[in-house]
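# Notes for the structure review
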Amino acid sequence: MTETERLYRPHRKHPALFDDVFAQEWLHPDMVKIVKSFHDSKLSTSDPLQISPFLRQETEEVYSFSCMSPTFISMFNEEIENFYTVSTEHKIPVKRPNSMNNYGVVVNTIGMRPIITSFQQLYVWPLAKRLFPKEGAKFDDHHSFIVKYQADEDLGLDMHVDDSDVTFNVCLGHDFTGATLSFCGNLGRANHRKHVHTYHHEIGRAVMHLGSRRHGADDIASGSRANLIVWNQNHAWRESPGYQRIRSTLYEREDGPPDAVCLSYTHDRDYSFYKELPKSKKGQTFSERWCPPEGREYKGFHEKMMEQSPMGDL
């Protein structure tokens, strides 16, 4: 038990969220039908859309579906808001999802690991193992957290790939405009930094994709958005040669300059030749930019680096 979980335990608002069984009634009816269809289907088809009409393909290897009921969304949001209030009042430590998200919380650390594990095994895995047979063959761990975006806090999230094998991301609220999710290519592919789709969040609807897919949260324009994200991990896959090729050794030469929306100020060596840094990042140094790797640059990369004055990181 983490220190955060121990200190928060007396203040829990909805004890059911800390049990080890995720109730089916917390799901949207479409999600129940999708899971049943995937359980019952004998089809060997490689097209999962033939299994359930309630599954929507946003782009290649990116799927969305209605997932959570209004009851669950209300209950979960109340619990998270209660945690924020209690943690401030009682000085309970808050573990943030990562260094780029300053207002979210890792829900595993407040005692929700059992309920998320139940949800993962009962409802996420049956889909993932058909949508992503290698990466989703089994799930034996997860990193689960809330992210928050609003005008006076974090506006969005830089382009990145996840430390997950299959990522589950469901929007839990609230009223907002903007805050879309832009998808580019898979890590190491020639189109890694080419835009393929912009996903518009809907409350209660989830999107599922490979962790190796480059994506980023576009800036919110108004209101606030909160999402529950589950990084599903398959350790057998991570120890396989296939995983190593994707994550470290395999990297195709880029097939052209990057699309602006796919650029990362954290990771990309050529970022400042195409875009200015966000105001909140000006003056910072990004010393670990690596993309594209040496020898895998697109044609004209080096000429551009020598000839064009950067737009400036200052």
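A brief look at the structure comes next. What you are looking at is a predicted structure, and each value in this text was computed from that prediction instead of being measured.

Parameters and conventions
- Residue numbering note: each chain is counted from 1, following its sequence as written.
- In keeping with the predicted nature of the model, local features appear solely for residues at pLDDT of at least 70, side-chain atom pairs appear and are counted solely at 80 or more, and the whole-chain, interface and lining totals rest on all residues.
- Side-chain metrics rest on all non-hydrogen atoms present in the structure, leaving aside hydrogens and water.
- Aromatic pairs are defined between Phe, Tyr and Trp rings, using the six-membered ring for Trp, whenever the two ring centres lie within 6.5 Å; interplanar angles under 30 degrees are classed as stacked, those over 60 as edge-to-face, and all others as tilted.
- The way it works is that DSSP assigns letters per residue, a run of H or I at least four long becomes a helix, a run of E at least two long becomes a strand, and they are numbered from the N terminus.
- Buried means the residue's accessible area, taken with a 1.4 Å probe over protein chains only, is under 20% of the maximum for its type, while exposed means over 50%, and partly exposed covers the values in between.
- Over a ring means this: the NZ of a Lys or the CZ of an Arg is within 6 Å of the ring centre and within 35 degrees of the ring normal.
- Any pair of residues with heavy atoms lying within 4.5 Å of one another is described as a contacting pair.
- For a helix, the expected span equals 1.5 Å multiplied by the number of residues minus one.
- In this description, strands pair whenever DSSP reports at least two bridges between them.
- Angles run from 0 to 180 degrees between N-to-C directions of axes, and those axes are lines fitted to C-alpha atoms, restricted for helices to the stretch in contact.

For the structure on display, the rule yields 19 aromatic pairs. Seen from their ring centres, Y8 and F83 are 5.1 Å apart, and the 85° between their planes marks the pair as edge-to-face. Taken together, the positions of Y8 in helix α1 (residues 3-8) and F83 in helix α3 (residues 70-89) put the pair 75 residues apart, joining distant regions of the chain. The class of F83 is buried, set by a relative accessible area of 0%. Here Y298 and F301 contribute two aromatic rings whose centre-to-centre distance is 5.4 Å and whose plane-to-plane angle is 85°, an arrangement assigned as edge-to-face. Considered together, Y298 and F301 belong to a single accessibility category, that of buried residues. What links up through ring pairs into an aromatic cluster is the set F22, W26, F65, F72, F76, F119, Y123 and F168. The aromatic ring of F18 is capped on one face by R12, whose charged end is 4.0 Å from the ring centroid. Taking NZ or CZ as reference, K129 lies 4.0 Å from the ring centre of W125, over its face.

To continue, consider the environment of A190. Here A190 shows up in the loop between β8 (181-186) and β9 (197-199). Every residue in contact with A190, bar those within four places of it in the chain, is listed here: E252, R253, E254 and D255.

Note that an α-helix has 3.6 residues per turn; residues three or four places apart therefore point the same way. Between its terminal C-alpha atoms α3 stretches 29 Å, which fits the 28 Å expected from 20 residues at 1.5 Å a residue. Buried residues of α3: F72, I73, M75, F76, N77, E79, I80, N82, F83, Y84, V86 and S87, and no others. Close packing links the buried residues of α3 with α1, β3 (105-106), β4 (141-150), β6 (166-173) and β12 (220-233). Note on α3: the residue one or two positions beyond its end, K91, has a positive phi of about 55°.

Taken in spatial order, the four strands make up an open sheet running β5-β11-β8-β9, and their pairing is antiparallel. Of all the strands in the sheet, the pair left with one neighbour each is β5 (157-160) and β9. Taken over all neighbouring pairs, the strand axes of this sheet differ in orientation by 20° on average, direction set aside.

Moving on, we get to the side chain of S224. When you line up the elements, S224 lands in strand β12. What makes S224 buried here is its relative accessible area of 17%.

Quick look at the pairing of β12 now. Sheet faces and side chains relate simply in a regular strand, where the side chains alternate between the two faces. Across the 14 residues of β12, 11 count as buried, placing the element largely inside the fold. Strand direction decides the pairing type here: β4 and β12, joined by 10 bridges, are antiparallel. Its bridge partner lying in β12, F145 is registered against I229.

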